[in-house]
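Descriptive analysis of the structure
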Amino acid sequence: MAERLILIVDDDPDIAEAMGLVLESTGAEVRIEEDVDAGIAAALEMRPDLILVDLMLPDPDDGYFFVHRLRSEGEYGARVPVVLLSSLTRAEMDDLRYPEVEGAPFEAGEPVPISAFLEKPTPPARLLGAANDLLG
Amino acid sequence: MTDPTSTTDEPRLDPADPGCHHRGGAERELVARIQWLMHLRWAAAASVIVFGAFVVHLYRTEHKVAYFLGILGLASAIAAYNALFTHYWRKMLESGHPPRTRAHLFANLQIGVDLLALTAYALLTGGPASPVLSHFVFHVIFASILLSTRAAYAWATVATGLGTLVIFLGAAPGQLAIVPEGILLGRFPLMVFAGFVALVYLSAYLATHIVQRLRQHEAEARRFLSQLQAKADELSQANQNLQSAQMMQTAYMRRVSHELRSPLSAISNSLQVVGEGYAGDLPDRAEQIVGRAHGRIEDLLRMVNDLLALSRARSTRPREYLEPISLPAVTAEVCELLGERAELKGVTLINEMPPELPNVLGDREEIVQLVTNLTANAIKYTEEQGTVNIRGREEAGQVVVEVADTGIGIDEDELPNLFQEFYRTKRGRDYQAVGTGLGLAITRAIVDQHGGTIEVASKVGEGSTFTVRMPQGGPGSQPVAG
């Protein structure tokens, strides 16, 4: 993963830092942002190879808004691998489908277009495994 | 008749309008019967020709042609005014639906004109001896059905007047009578008159009485229907409130779940990252302490997860939240999820669920948790080279799932306590220190919420079998969700 650029969008600086340390151990460069707008701006500016985004940033559905906005940002936004992170369990994630949110641009019930989902806390081995799978 | 284009606040009549239900069946009946009366009149015009000609032919000895022409003229007049009525009614319907008073006026007009035509018909076909004299009754019955009781008696009086005219005018010697004069002399017309008056008023009385009773019943039915509708509305509102409360509860639980787990996740992640040396090398002693701290945090996370799951499993959910679930599909998913864990432990995990089992109606998240808990438990308490076998069958309208292991088993005296919160068997604690003692309590709560049963059979040193029975539910037996 040397020379790969990874963006972490998470409002919990402790988790972001811990994940950053693990990913940096592979030689990747890690950038951390704390909210949707800053995350989107950083993604479009730096075009990272992988994006990890938390679900609650801090609002419960911010992660979904981030993914939806990113996927509508041209060819790069559509293809960049995105890992959704959450303290909620996989079972609580409603099959990884968009929830019903008033005024949301996404269609409730549609699958969230992500590459992987990781529950927090994420053991380093699992995080590295997912990153390796997605970055090749 | 008033201008059909005039506007009015009166209720309007439309047989196809469901709103008519609220305005009453009498109005709907009026519209339908007015149309029916007009259809019937075409047949009446035809029968006037056929039947009238037959009677004239039978009774008359002279002036037959004149009477035939009279009959023909009458039939044509009936057809002509019926055409006018039909045209006018269609126009009224096209210009919006007729207000109630206009429909009543129209019904009265038709009955009046019909009675006049019937008078002429009875005179032409024998006066007091006419076979159609009794037909005056029909219009009295129509009026009883369509109009008010007062209108029905008014039309009975009109019919009596016109019938009297027919009886006495038709009986006058040398006038319109077509039967031998001898018959019409003496008391015959008086007897016919008496019988006729009795017939007409008795018909009016019977018909209005029956119609009144029917209208009372209809009003009661409408009142009942409206009460029922009000109850249904209340129920629907209560259901909406329940669903809204359920959504709020779900959102609240998600928030609580997140808020409780987030800091623990951060601590766990940080400790593990530090402990594994990603933030730099640690002295051995420090690494051990951090490792133990990480283990304790993981225990706490498990406890929080299980308490949240237990709370969720014990909250009642409306049936709208349930979906048809294929247990074989869920089992396959769980086996895939836990396959690696079993493999790492050297336990053989065998899924023998027949794929054609009927669905159960359930909360998918919880059904997955139920099968996961039982399977994970079985793997956890089974030693290397042991086996965990998941079987299924259909039995008396229930879907049965069995999770059988060749594990350490449970002492018989501990079996009754197995599903209590925080209860762990002594043998279990000795074999595996980690555990919250909530897994089987959660499993039991999920089974209870789904109307199922769970039982366990176990022999120390040989293994345990957990048997879950769930009622079949959902459309068909095809796997729907997995």
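Residues numbered from 1 in each chain as written. Chains lettered and ligands numbered in written order. Predicted model: local features only at pLDDT ≥ 70, side-chain atom pairs only at ≥ 80, totals over all residues. Heavy atoms only, no water.

Residue and element names in this part refer to chain B. Approximately 420 Å³ is the volume found for the second largest pocket. Among the secondary structure elements, those contributing two or more residues to the lining of the second largest pocket are α2 (25-59), α3 (64-94), α4 (100-124) and α5 (136-146). It is α2 that provides the largest number of residues to the lining of the second largest pocket, a total of 8 residues. Across the lining of the second largest pocket, the residue classes tally to 14 nonpolar, 3 polar and 2 charged. (1 Å grid on protein atoms, 1.4 Å probe; cavity = no way out; pocket = protein on both sides within 12 Å on 5 of 7 lines; lining within 4 Å. Points joined across faces, edges and corners; volume = space filled by probe spheres on them. Helix = DSSP H or I, 4+ residues; strand = E, 2+ residues; numbered from the N terminus. Nonpolar A, V, L, I, M, F, W, Y, C, P; charged D, E, K, R; others polar.)

All names here are of chain B. Going through the model one piece at a time under the given rule, you end up with 1 cavity of 30 Å³ or more. As a volume, the largest cavity reaches approximately 30 Å³. In terms of lining residues, the largest cavity is bounded by Leu 370, Val 371, Leu 374, Val 401 and Val 468. By residue number, the principal contributor to the lining of the largest cavity is helix α11 (residues 364-380), which donates 3 residues. Looking at the lining of the largest cavity residue by residue, the class counts come to 5 nonpolar, no polar and no charged.

Further remarks concern the pairing of strand β3 (residues 50-54) of chain A. Residue and element names in this part refer to chain A. Taken across its 5 residues, β3 has 5 buried, putting it largely inside the fold. Neither face of β3 is left uncovered, since the one carrying Leu 50, Leu 52 and Asp 54 and the one carrying Ile 51 and Val 53 both have all their residues buried. Both strand β1 (residues 5-9) and β3 contribute to a ladder of 4 bridges, which runs parallel. Bridged to Val 9 within β3 is Val 53. Across 4 bridges, β3 lies against strand β4 (residues 82-86) in parallel orientation. (Buried < 20%, exposed > 50% of the residue type's maximum accessible area, 1.4 Å probe, protein only. Pairing = 2+ DSSP bridges.)

A word on a negative patch on the surface. Residues Glu 276, Asp 281, Asp 284 and Glu 287 of chain B make up a contiguous surface patch of negative charge. Assignment of secondary structure puts Glu 276 of chain B in the loop between α8 (188-275) and α9 (284-314). (Patch = residues over 30% accessible without salt bridge, like charges linked within 9 Å, V, L, I, M, F, W, Y side chains within 5 Å. Areas by Shrake-Rupley, 256 points an atom, 1.4 Å probe, with all protein chains shown as cover. Salt bridge = Lys/Arg side-chain N within 4 Å of Asp/Glu carboxyl O. Lys, Arg positive; Asp, Glu negative; His and termini not counted. Charge placed at Lys NZ, Arg CZ, Asp CG, Glu CD.)

So, on to the sheet that holds strand β2 (residues 348-352) of chain B. Residues and elements named next belong to chain B. Across the sheet, which stays open at both edges, the 5 strands sit in the order β2-β4-β5-β7-β6 with mixed pairing between neighbours. Unpaired on one side and paired on the other, β2 and β6 (453-459) mark the two borders of the sheet. Between one strand axis and the next, the sheet turns through 15° on average, direction left out of account. The sheet contact formed by β6 and strand β7 (residues 463-471) spans 7 bridges and is antiparallel. In the sheet register, Thr 453 faces β7, and the bridge partner there is Arg 469. Those strands touched by α11 are β2, β4 (387-395), β5 (398-405), β6 and β7, and its axis lies near 170° from that of β7. (Axes fitted to C-alpha atoms, helices over the stretch in contact; angles between N-to-C directions. Contact = heavy atoms within 4.5 Å.)

Looking now at the confidence of the model for chain B. All names here are of chain B. Averaged over chain B, the pLDDT score is 84; the fraction of residues at 70 or greater is 86%. A low-confidence stretch, residues 1-23 stays under pLDDT 50, and its non-local contacts, those more than four residues away or across chains, total 43 contacts. For residues 475-482, every residue scores under 50 in pLDDT, and the model assigns this stretch 24 contacts once sequence neighbours within four places are set aside. (pLDDT = per-residue confidence, 0-100.)

Further remarks concern unusual backbone geometry. In this structure, the amide linkage connecting Lys 120 of chain A to the following residue, Pro 121 of chain A, adopts the cis form with an omega of -5°. For Pro 121 of chain A, the position within the fold is in the loop between β5 (116-119) and α5 (124-135). Look at Gln 385 of chain B: it is not a glycine, yet its phi comes out positive at around 70°. Mapped onto the elements of the fold, Gln 385 of chain B is located in the loop between α11 and β4. Positive phi, close to 50°, is recorded for Ala 396 of chain B, a residue that is not glycine. By relative accessible area, Ala 396 of chain B is classed as exposed at 80%.

Moving on, we get to the side chain of His 450 of chain B. All names here are of chain B. With respect to the secondary-structure elements, His 450 resides in the loop between α13 (439-449) and β6. Here Asp 363 takes part through its backbone nitrogen, which lies 3.0 Å from a polar atom of the side chain of His 450. Discounting residues that sit within four places of it in the chain, His 450 has contacts with Leu 361, Gly 362, Asp 363, Glu 366, Ile 367, Met 470 and Pro 471. (Polar contact = N/O pair within 3.5 Å; in protein donor to acceptor, adjacent residues only side chain to side chain.)

Here the focus is the pattern of salt bridges. According to the stated counting rule, one finds 17 salt bridges over all chains in the structure shown. We note a salt bridge from Asp 54 of chain A to Lys 120 of chain A, for which the minimum N-O separation is 3.0 Å. Placement of Asp 54 of chain A in strand β3 and of Lys 120 of chain A in the loop between β5 and α5 is noted, with a sequence separation of 66 residues between them. Judged by relative accessible area, which is 5%, Lys 120 of chain A ranks as buried. For Glu 455 of chain B, the salt bridge identified is with Arg 469 of chain B, shortest N-O distance 3.6 Å. One end of the pair, Glu 455 of chain B, is in strand β6; the other, Arg 469 of chain B, is in strand β7, with 14 residues separating them in the sequence. Among the charged side chains, a salt-bridge network with shared partners connects Arg 391, Arg 393, Glu 395, Glu 402, Glu 455 and Arg 469 of chain B.

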